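# Residue-level structure breakdown
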Amino acid sequence: MRLYKTIIASAIVMSVASCSSDEPSENIAANIAGTYSGYTVAESRYFNKMIALDQKISITSVSGDIANIKFTSTTWGTFEIPEAKVYADPTGVYTFEGNGKTVMGMPDDTTPIKPDGTTANTYDCTAKGKLSDGKISVAFKMPSVMNGFTIEFFEGTAPATYIISGQYDCTGTGKSNYFTQNFDDQSVTIEAIDDTKIKLVYEGSPYGIFSTEDTEVTYDEKNKIATITGNGEITMGMGTAPEVYPFTLSGTVSDDQKDVEFIFSIPDVMGGLTVTLH
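Residues numbered from 1 in each chain as written. Predicted model: local features only at pLDDT ≥ 70, side-chain atom pairs only at ≥ 80, totals over all residues. Heavy atoms only, no water.

Another aspect to go through is the overall build of the protein chain. What the protein chain contains, in helices and strands, is two helices and 16 strands. Here the protein chain has roughly 15,800 Å² of accessible surface; of this, 51% comes from carbon and sulfur atoms. (Helix = DSSP H or I, 4+ residues; strand = E, 2+ residues; numbered from the N terminus. Areas by Shrake-Rupley, 256 points an atom, 1.4 Å probe, with all protein chains shown as cover.)

If you want it as structure tokens, here you go:
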């Protein structure tokens with residue numbers, strides 16, 4: 001009888017221990033709770049690296065390893081991920097994932113148009129994120145939006161390459177040893193490649209299309225100005241068969257994109273041709 005009672009008691013202890021092990025030993029969801037400020041990078045089949053600044057994500061703890069995620073964006077809409085699962089590893093890195101809904105103004109043929117001309121649909125979305133080295137990142141994926149749409153949130157200040165990405169409408173001046181020429185309706189497009197490099201394309205020039213790859217960007221935090229340096233090649237036909245000429249690029253862009261200057265220098269054309277855009 002004593003052996004029987006001992007076995008039963010041991011079984012009860014093991015059962016309780018087993019049930020307890022199903023619950024996290026600490027409230028790990030509370031360790032990632034908070035409101036985080038940063039920026040987003042969006043990609044789809046139709047565009048690449050579309051940037052939105054001044055974004056915020058809120059994470060609240062529900063229980064030991066369960067958290068709610070809410071992302072409200074004036075650019076993209078509202079994303080809600082209820083009861084996301086939170087994991088912690090021994091190195092202090094937290095990961096989390098879950099499913100939810102997003103309300104976005106992506107019109108289709110079945111969406112009624114509101115009086116203000118906007119539309120809104122509700123879509124399924126997933127979220128996967130990480131808290132590492134004190135910073136949060138979260139990726140939201142919507143497979144039914146634009147045949148696959150991803151928005152990634154990064155905590156902190158966006159790199160200058162993302163801040164200055166976009167299209168610039170400029171006026172220009174071309175100068176050489178033989179002439180000075182002014183022209184309007186010039187277009188420069190900047191696309192971020194990574195945190196330090198951009199692709200820049202200048203179209204509308206009377207001389208041809210200027211295009212650079214892996215153009216370096218440095219940022220002056222005090223003066224809020226990005227400096228651009230790079231080089232490339234342009235195909236020009238100056239009264240003869242087209243030839244390829246090397247050029248150098250320098251420029252500055254303010255972080256509000258209001259003050260810009262791009263200088264393209266082609267030393268082998270007409271004793272030195274310089275095109276300046278503002």
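Structure's up, so let's keep going.
What follows concerns the nonpolar core. Core analysis: the largest hydrophobic core is formed by 31 residues, its most contacted members being Ile-59, Phe-79, Phe-140 and Met-142. Beyond its immediate chain neighbours, meaning those up to four positions away, Phe-140 contacts Ile-57, Ile-69, Phe-71, Phe-79, Ile-81, Thr-126, Ala-127, Phe-149, Thr-150 and Ile-151. Residues Tyr-168, Val-188, Ile-234 and Leu-249 belong to the second largest nonpolar core, which totals 29 residues. (Core = buried A, V, L, I, M, F, W, Y, C linked by side-chain atoms within 4.5 Å. Buried < 20%, exposed > 50% of the residue type's maximum accessible area, 1.4 Å probe, protein only. Contact = heavy atoms within 4.5 Å.)

Here the protein chain averages 87 in pLDDT, while 85% of its residues score no lower than 70. Confidence drops under pLDDT 50 across residues 1-21; counting only partners more than four residues distant or on other chains, this segment forms zero contacts. The model gives residues 107-113 a pLDDT under 50, and that stretch makes nine contacts with residues more than four places away or in other chains. (pLDDT = per-residue confidence, 0-100.)

Let's shift gears to the packing of aromatic side chains. Per the stated rule, a full pass over the model turns up 15 aromatic pairs. The interplanar angle of 80° and the centroid separation of 5.8 Å between the aromatic rings of Phe-47 and Phe-149 together place this pair among those described as edge-to-face. Here Phe-47 is found in the loop between strand S1 (34-44) and strand S2 (50-63), whereas its partner Phe-149 is found in strand S8 (residues 149-155), with 102 residues between them in sequence. On the basis of relative accessible area, Phe-149 is assigned to the buried category, the value being 1%. (Phe/Tyr/Trp six-rings, centres within 6.5 Å; stacked < 30°, edge-to-face > 60°.)

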